[in-house]
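Observations on chain architecture
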Amino acid sequence: MITANSSALYEKAKQKMPGGVSSPVRAFNAVGGDPLFIKSGRGAYMTDVDDNDYIDYVMSWGPLIRGHAHPDVITALQQATALGTSYGAPSPLEIDLADAVMELMPNIEMVRFVNSGTEATMSVLRLARAFTGRNKIIKFQGNYHGHADMLLVAAGSGVATLGLPNSPGVPPATVADTLTAQFNDLDSVQALFDQVGDEIAAVILEPVSGNMGLIPPQDGFLQGLRDITAKHGSLLIFDEVMTGFRVHPGGAQTRYGIKPDLTALGKVIGGGLPVGAYGGRKEIMEMVAPVGPMYQAGTLSGNPLAMTAGIATLAVFKQEGVWDRLEAAGEKLITGIAQAAADAGVPIQHSRVGTMFGFFFNDQPVSGWHSAATSDTEKFGRFHRAMLEQGVYLAPSQFEAGFISTKHGDQEIEKTIAAAAQAFKAL
Ligand code: HOZ
């Protein structure tokens, strides 16, 4: 595979942008080699600047559940663009996207649109603190909620990949009220509530962890969190930026039947344009200005292009049988990968929830950051390179999830499984 044009662009980009990238997880530091520069995407595929095609399982880190450049999304965007790119005033499109979100996630009784998942989580925590009059929050080690100061504690995603879980530049006072617990370990949460339960504003988590690899919640974990928070007058916040509309059309809260007080969203609701949102119980959302005193604002929030792409993307769930087909495709993919690993005698731990999947190079079960961190990242790097060579683009880190789209059909999945079989054998 020739990637000379990507490598040349990477050299140029490094002179102008830190690491040559606009976001650290896109660099290939953890897997070796130069990041690929992409010139186009269509359906399940991306093409790099050297004209290599890849079956893409990053899908822009989640948003593209309908695949790259879906005609419905592109046509809607072309029409919307002709009407202006931003108004800085309300538009009917915000109501349409709010309706689409609330229909799929009925726990969201009111919503506020923002511009990214990071904005959504930092705003929803300000709201939780305003509503409860408390300052402390609990997050889970290995969960990543964007790069707001108070959340860069024991975080997952790029910070875990690069070994920077607590970033310099975050003032200690900013994180003094951020407590950490272990995912899938209710005792670690209970211990914090036993100490300072009446000071805890909220517990925030990715209900299915997707930023330390994919780790589903164990039976009773989410319900246990719901019970503990309710008992102590704290709020339960689901960060469904990643899982929203990806583990179920109604998110993890619908899949597992747990009602969080508040939810943070992003990714899929923008269909590939920058967007985020937070919402939940009306009584709490009415704390947000201008109805209530909790201030949060944004020049481009609710902008017509992001709303349009989100509406066109969420419309996919109105199609008969679409979710069943996605589940079946995801199952075929992960079962095939697991079988290929077993055939090659390579121990992995694999999981899938809806359209998200992942596997760890680890011979022990993985249930949280402590166990995820023992995975063989060097082996993952070699596997990643072997998959790229065969035209399969996986996230360049052991600690990220994979995503499929409605465009990943039998042909793509079978090719991926065959590539994985080769890659496992060559390890
Ligand atoms: N939250 C994304 C990774 N899990 C970030 C994507 C990016 O930085 O490009």
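Residues numbered from 1 in each chain as written. Predicted model: local features only at pLDDT ≥ 70, side-chain atom pairs only at ≥ 80, totals over all residues. Heavy atoms only, no water.

1. Concerning empty space enclosed by the protein
- Summed over the entire model, instances satisfying the criterion amount to 2 cavities of 30 Å³ or more.
- The calculated volume of the largest cavity comes to roughly 150 Å³.
- Surrounding the largest cavity, 15 residues form its lining, G358, F380, E400, A401 and G402 being those nearest its centre.
- Counting residues per element, the lining of the largest cavity draws most heavily on strand β12 (residues 356-360), which supplies 4 residues.
- Counted by class, the lining of the largest cavity contains 9 nonpolar, 5 polar and 1 charged residues.
- Roughly 70 Å³ of volume is contained in the second largest cavity.
- Around the second largest cavity, the lining residues are P24, V25, A27, N29, A30, W61, G158, T161, L162, P396, S397 and E400. (1 Å grid on protein atoms, 1.4 Å probe; cavity = no way out; pocket = protein on both sides within 12 Å on 5 of 7 lines; lining within 4 Å. Points joined across faces, edges and corners; volume = space filled by probe spheres on them. Helix = DSSP H or I, 4+ residues; strand = E, 2+ residues; numbered from the N terminus. Nonpolar A, V, L, I, M, F, W, Y, C, P; charged D, E, K, R; others polar.)

2. A word on the packing of helix α7 (residues 186-196) against helix α8 (residues 221-231)
- Taken N-terminus to C-terminus, the directions of α7 and α8 make an angle of 10°; their axes are 10 Å apart at the nearest point. Classified by the angle their axes make, α7 and α8 are roughly parallel. Residues L186, V189, Q190 and F193 of α7 form the contact with α8, whose own contacting residues are F221, G224, L225, I228 and T229.
- The class makeup of the residues in the contact of α7 with α8 is 6 nonpolar, 3 polar and no charged. (Axes fitted to C-alpha atoms, helices over the stretch in contact; angles between N-to-C directions. Parallel < 35°, antiparallel > 145°, perpendicular 65-115°, else oblique. Contact = heavy atoms within 4.5 Å.)

3. Here we look at the pairing of strand β8 (residues 235-239)
- Most of β8 sits inside the fold, with 5 of its 5 residues counted as buried.
- Residues of β8 alternate between two faces, with L235, I237 and D239 on one and L236 and F238 on the opposite face, all of them buried.
- Where strand β7 (residues 200-205) and β8 come together, 4 bridges link them in parallel fashion. Looking at the pairing, A202 lines up with L235 of β8.
- Taken together, β7, α8 and β8 form a β-α-β motif whose crossover is right-handed.
- Note: β8 against strand β9 (residues 262-266), 3 bridges, orientation parallel. Residue F238 lies in a different strand from β9, and its bridge partner there is T263. (Buried < 20%, exposed > 50% of the residue type's maximum accessible area, 1.4 Å probe, protein only. Pairing = 2+ DSSP bridges. Right-handed = clockwise from strand over helix to strand, strands pointing away.)

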